[in-house]
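Architecture at a glance
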Amino acid sequence: MSDKHMETGEGHIGYPGYFGVFAILVFGTIFTYFSSFWDLDGTLFPGANTLLALAIAFFKMTCVMLFFMHVYWSPRMIWLSAVASLFWLAIMFAYTMSDYFTRSLGVFSV
Amino acid sequence: MQNVDAIGSGIPAIPKDNYLTNGFTLKSWLLTKDHKRIAIMYLISISLFFMAGGLYASAIRLELLTPETDLLTSATYNKVFTQHGILMIFFFLIPSIPAVLGNFLLPIMIGAKDLALPRINLLSLYIYWLGGALTVYALLQGGVDTGWTFYTPYSTTFSNSYVMAVGLGIFINGFSSILTGLNFIVTIHTMRAPGMTWFRLPLFVWAQYATSLVMILGTPVIAITVLLLAIERAVGVGIFDPAIGGDPILFQHLFWFYSHPAVYIMVLPGMGVISELISNFSRKKIFGYEFIAFSSIAIAVFGFLVWGHHMFVSGQSIYAGMVFSFLTMVVAVPSAIKMFNWSATLYKGSISYDTPMLYAIGFMGLFLIGGLTGLFLGSMGLVVHLTDTYFVVSHFHYVMVGGQVIAYLGGLHYWWPKITGRMYSEFWGKISAMLVFIGFNLTFFPQFILGYMGMPRRYASYPAEFQVLNIFSTAGASVLAVGFVMPLIYLMHSLFYGKPAGDNPWMLPGLEWRTTSPPPTENFEKTPVVTWEAYEFGEESGLDLEAARTRDSVTTV
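Residues numbered from 1 in each chain as written. Chains lettered and ligands numbered in written order. Predicted model: local features only at pLDDT ≥ 70, side-chain atom pairs only at ≥ 80, totals over all residues. Heavy atoms only, no water.

Here the focus is helix H5 (residues 76–103) of chain A. If you check H5 of chain A, its first and last C-alpha atoms are 41 Å apart, about what 28 residues at 1.5 Å a residue would give, namely 40 Å. Inspection of H5 of chain A places Ala-82, Trp-88, Ile-91, Met-92, Thr-96, Asp-99 and Thr-102 of chain A among the buried residues, and these make up the whole buried set. Among the structural elements, helix H4 (48–68) of chain A together with helix H7 (203–235), helix H8 (248–282) and helix H10 (318–346) of chain B are those in contact with the buried residues of H5 of chain A. (Helix = DSSP H or I, 4+ residues; strand = E, 2+ residues; numbered from the N terminus. Expected span 1.5 Å × (residues − 1). Buried < 20%, exposed > 50% of the residue type's maximum accessible area, 1.4 Å probe, protein only. Contact = heavy atoms within 4.5 Å.)

Attention now moves to the packing of H7 of chain B against H8 of chain B. All names here are of chain B. Look at H7 against H8: their axes get within 8 Å of each other, and the N-to-C directions meet at 160°. In terms of axis orientation, H7 runs roughly antiparallel to H8. Here H7 and H8 pass one another in a crossing that is left-handed. In the contact of H7 with H8, the residues fall into 21 nonpolar, eight polar and one charged. (Axes fitted to C-alpha atoms, helices over the stretch in contact; angles between N-to-C directions. Parallel < 35°, antiparallel > 145°, perpendicular 65-115°, else oblique. Left-handed = near helix turned anticlockwise from the far one by under 90°. Nonpolar A, V, L, I, M, F, W, Y, C, P; charged D, E, K, R; others polar.)

Turning our attention to empty space enclosed by the protein. All names here are of chain B. The final tally for this structure, using the stated rule, is three cavities of 30 Å³ or more. Lining of the largest cavity is provided by 17 residues; of these, Pro-202, Gly-510, Leu-511, Ala-534 and Tyr-535 occupy positions nearest its centre. Residue composition of the lining of the largest cavity, grouped by class: eleven nonpolar, two polar and four charged. (1 Å grid on protein atoms, 1.4 Å probe; cavity = no way out; pocket = protein on both sides within 12 Å on 5 of 7 lines; lining within 4 Å. Points joined across faces, edges and corners; volume = space filled by probe spheres on them.)

Before going further, it helps to spend a moment on the nonpolar core. Residues and elements named next belong to chain B. With 153 residues, the main nonpolar core has Ile-86, Phe-90, Leu-101, Phe-150, Trp-342, Tyr-408 and Trp-415 as its most contacted residues. The element that contributes the greatest number of residues to this core is H8, accounting for 19 residues. When near neighbours in sequence (up to four residues on either side) are disregarded, Phe-150 contacts Ile-86, Val-144, Ser-155, Val-163, Val-166, Ile-170, Leu-229 and Phe-251. Judged by nonpolar contacts, the second largest core, of 15 residues, contains Ile-60, Val-80, Phe-81 and Tyr-462. (Core = buried A, V, L, I, M, F, W, Y, C linked by side-chain atoms within 4.5 Å.)

With that out of the way, let us pick up unusual backbone geometry. In the segment running from Thr-152 of chain B into Pro-153 of chain B, the intervening peptide bond is cis, with an omega of 0°. Secondary-structure assignment places Pro-153 of chain B in the loop between helix H4 (118–141) and helix H5 (154–158). Following Ser-517 of chain B, the chain continues to Pro-518 of chain B via a peptide bond in cis, the omega torsion being -5°. On the secondary structure map, Pro-518 of chain B appears in the loop between helix H15 (467–497) and helix H16 (545–549). Despite not being glycine, His-70 of chain A has its phi angle at roughly 65°, a positive value. Secondary-structure assignment places His-70 of chain A in the loop between H4 and H5. For Met-507 of chain B, which is not a glycine, the phi torsion comes out positive at approximately 60°. Relative to the helices and strands, Met-507 of chain B resides in the loop between H15 and H16. Taking relative accessible area as the criterion, Met-507 of chain B reaches 3% and is therefore assigned buried.

Reports of interface size often rely on the accessible area that becomes lost once the parts have come together. Residues and elements named next belong to chain A. In terms of domain boundaries, chain A breaks down into domain 1 (1–74) and domain 2 (75–110). Counting from both sides, the interface comprises ten residues of domain 1 and, opposite them, six residues of domain 2. Carbon and sulfur atoms supply 80% of the area buried between domain 1 and domain 2, which totals about 670 Å² over both sides. Counting across the domain 1 and domain 2 interface gives zero salt bridges. (Domains from an automatic or database assignment. Buried area = accessible area lost by both parts, 1.4 Å probe. Salt bridge = Lys/Arg side-chain N within 4 Å of Asp/Glu carboxyl O.)

This brings us to the interface of chain B and chain A. Between chain B and chain A, the contact holds 23 residues from the first and 17 residues from the second. Of the roughly 1600 Å² buried between chain B and chain A on both sides combined, carbon and sulfur atoms contribute 73%. Looking only at chain B, the three residues that lose the most surface to chain A are Leu-217, Phe-257 and Tyr-319 of chain B, adding up to 29% of its buried area. Measuring nitrogen to oxygen at the nearest pair gives 3.7 Å for the salt bridge that ties Asp-247 of chain B to Arg-103 of chain A. For the pair chain B and chain A, the number of links is five residue pairs in polar contact (both at pLDDT 80 or more). Listing elements by their share of the side of chain B that touches chain A, those giving two or more residues are H7, H8 and H10 of chain B. Looking at which element gives the most residues to the side of chain B that touches chain A, the answer is H10 of chain B, with seven residues. Of the residues belonging to the side of chain B that touches chain A, the class tally is 16 nonpolar, six polar and one charged. (Polar contact = N/O pair within 3.5 Å; in protein donor to acceptor, adjacent residues only side chain to side chain.)

Moving on to the confidence of the model for chain B. All names here are of chain B. Chain-level pLDDT for chain B is 93 on average; 95% of the residues reach the 70-or-more range. Looking over chain B, one finds the lowest element-wise mean pLDDT in helix H17 (residues 551–555), namely 48, and the highest in helix H14 (residues 426–453), namely 98. When the criterion is pLDDT under 50, residues 1–10 qualifies, and its contacts beyond four places in sequence or with other chains add up to 26 contacts. Low pLDDT (under 50) marks residues 553–557, which in the prediction has seven contacts with non-local residues, meaning those over four places away or in another chain. (pLDDT = per-residue confidence, 0-100.)

Glancing now at the pattern of salt bridges. Oppositely charged side chains can form a pair if their charged atoms are brought close together. Throughout the structure, instances matching the rule amount to seven salt bridges over all chains. Residue Arg-103 of chain A is joined to Asp-99 of chain A by a salt bridge in which the shortest nitrogen-to-oxygen separation is 2.7 Å. On the criterion of helical spacing, the pair formed by Arg-103 of chain A and Asp-99 of chain A is a turn pair, its members being four residues apart in helix H5. According to the relative accessible area criterion, Arg-103 of chain A is partly exposed, its value standing at 26%. Residue Asp-99 of chain A is classed as buried on the basis of its relative accessible area, which comes to 0%. Taking the shortest distance from any N to any O, the salt bridge between Glu-426 of chain B and Lys-430 of chain B comes out at 3.9 Å. One end of the pair is Glu-426 of chain B and the other is Lys-430 of chain B, both in helix H14 and four residues apart, which spans about a single turn. Residue class for Glu-426 of chain B comes out buried when judged on its relative accessible area of 8%. Classification of Lys-430 of chain B as partly exposed rests on a relative accessible area of 31%. A single network of salt bridges, built from pairs that share partners, joins Asp-99 and Arg-103 of chain A together with Asp-247 of chain B.

Now the structure itself:
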């Protein structure tokens, strides 16, 4: 959390913790692979498979940022930067999807 | 000699101990952590890429001298314009001002001894070399013919040129940009000298800061996009190819999400240079400092919201296109703010028409044309007629060459005395600046007319009625080439025969002019304390006003 922690390494999760996070990442990857065989699109709603895969990916990304990149112990400024970068990523998705969601509407059709 | 008393002392001597004399072996250069030496190595590297890109441009203009496909075959022509674009954009324009002038000057301008991460700085250079070497290897092996935009599905499915190798070169090179941007941001946040508050930063530093934000946010996207392209090409995963479940327009979204902001990576640092030149050669505090500073940030932010204007006729939804068109008009506002403020700075200024200032004034005219024609291309109706014509080619050359390259040359001339400790010939400098301006307009203005008349880009042949304007364009390119080669000669000449510049040849208040020329390895003997505002030409800055008034007699060669 503080600069002191950054210098001394106190507060970090240590090797067992890092291996634990790594195991979670590997498990997430395997889970993503097997979940792609479930027909969530048919049973829940179209795009559910993709949504689940993205949710797992987002969870894995959060683990990497918090623990491997030490954001969890970093000053608020770093937190702000991390959140801002996610906001920026959201811009890319939002505007791209604005194309996909409205493409089938044609030209000023009702 | 970094204290205030030193300003204007006019001692024209090269200091014995400076960053250039701190080791003469190859090892002392290749393993240096000195930002100034790294900048010099970047300078040499990007100049070589600029020359290679220029040779390709010459081949293009020679081919287009006649309507027929005679000098090059169509297939070769495709490779030539592709490689011209790739070398110029990824290996010259993007790194030019940040990696050369930014690397050299940013720490000095904020009163730091080096960048915050010197080893990372050296690493970025090696990565740049690695990416460049791989790309050059691929070009020599046979090159790539996709256009610098690598549009799918041609690049993933049909092209049998060296797409993968060039893509990998660009992918690797991207990390160089990211590391440079990261280094600048950390340095500006953490290494400013006492008294160097955010609103005392030179506007060049603000521009570098905004550019760095774009670099670290945008470059990973192009890297991933190129990687996805390679995966589809190598493994056949359906990402962009509709035949296997992909969407080619997705490639364009991802590509332009980076590549439009990349325009600002190229031009924002140039704007920073121009802010320095306009204020300093008008000897007047810049008009609207805060507006110019924040307009750089605004350009960086809004620059990420307009990429869809490259895709109006691609099949993108018309509703998304309307949003992108509106936002394109919005992004013109901060650029206009800069133009108005530069003009207001000139008003009643004590303007001196030294070589850097000629470049700055040239920039204002050319960037104005480049920027305003961008609004034409941001209009959804008009762009149907203009897409993929020479109007587009001319527009982006007015921004990239008329804007960025001119600013780079202006900045290089402006800081050359600081970098080398020697003055170049003002006479030849002015001749060169005017040749570049004339040659540039002669080359590219006819292309606006050609494009409006319907001449498409990327073809080796064209109808005979377009030949006259193409001859004008090729003739202009010859003049432009002379204008570009001349600085190479007289700047090299100045290294050996130039008059010693002294610490502050232009008599300016910035921190970089308060250390020796060339600067010592640690930039300043003692950490400077900043007590004056940016662009302060009054006595508060410690300037010798009398010496400043008689500056011409000091610098004229």
